[in-house]
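Given next are the chains, with one letter for each unit.
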Amino acid sequence: MRKNNSEVEKNLAELAEVITQAGDPVLVKDFFHCLLTPAETVDIAARWALVKALDQKIPQREIAQQLGLSLCKITRGSRELRKPDSAFRKMLALRKNSSDL
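Residues numbered from 1 in each chain as written. Predicted model: local features only at pLDDT ≥ 70, side-chain atom pairs only at ≥ 80, totals over all residues. Heavy atoms only, no water.

### Describing the side chain of serine 78
Filter applied, for reference: The way it works is that DSSP assigns letters per residue, a run of H or I at least four long becomes a helix, a run of E at least two long becomes a strand, and they are numbered from the N terminus. Pairing of N or O atoms within 3.5 Å defines a polar contact, subject to two protein rules: one partner must be a possible hydrogen donor and the other a possible acceptor, and residues neighboring in sequence count only if both atoms are side-chain atoms. Contacts: residue pairs with any heavy atoms within 4.5 Å of one another.
Relative to the helices and strands, serine 78 resides in helix α5 (residues 71–82). A distance of 2.8 Å separates a polar atom in the side chain of serine 78 from a polar atom in the side chain of arginine 82. In this structure, serine 78 is in contact with Leu54 and Gln60, ignoring residues within four places of it in sequence.

Below is the structure:
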């Protein structure tokens, strides 16, 4: 499958819908382990940890050292968080709301 292909968007939309419908965090986590290679799983987990660290205002160089990520990835994450309608910001809010329960 090629990047920037309508099939990519179609499959991502379908995957997002199925994950949303699952309603079971254990099933979704198991699904990720089945879908992704161990390296991809580590990468996804590190990127989420990056978003959380940026939200906690941890300095980028410290995040790079802690998570073993490039400053390039961290800068990209920081840019995404600053967008007015950031999906990262929305997901962090969902995380906070679910932990308040």
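### Concerning the packing of helix α4 (residues 60–67) against α5
Rules: Helix axes use the C-alpha atoms of the stretch in contact, all axes being lines fitted to C-alpha atoms, and the angles between their N-to-C directions lie in the range 0 to 180 degrees. Angles are sorted into four bins: roughly parallel if under 35 degrees, roughly antiparallel if over 145, roughly perpendicular if 65 to 115, and oblique for all others. For any helix crossing, the convention is left-handed if the near helix is rotated counterclockwise from the far helix by under a right angle, and right-handed if that rotation is clockwise. Ten residue types, Ala, Val, Leu, Ile, Met, Phe, Trp, Tyr, Cys and Pro, are classed as nonpolar, four, Asp, Glu, Lys and Arg, as charged, and the remainder, Gly among them, as polar.
Look at α4 against α5: their axes get within 9 Å of each other, and the N-to-C directions meet at 125 degrees. Judged by the angle between their axes, α4 and α5 are oblique. For the crossing formed where α4 meets α5, the hand is right-handed. Contacts between α4 and α5 pair Gln60, Arg61, Ile63 and Ala64 from the former with Leu71, Ile74, Thr75 and Ser78 from the latter. Tallied by class, residues from the contact of α4 with α5 come to 4 nonpolar, 3 polar and 1 charged.

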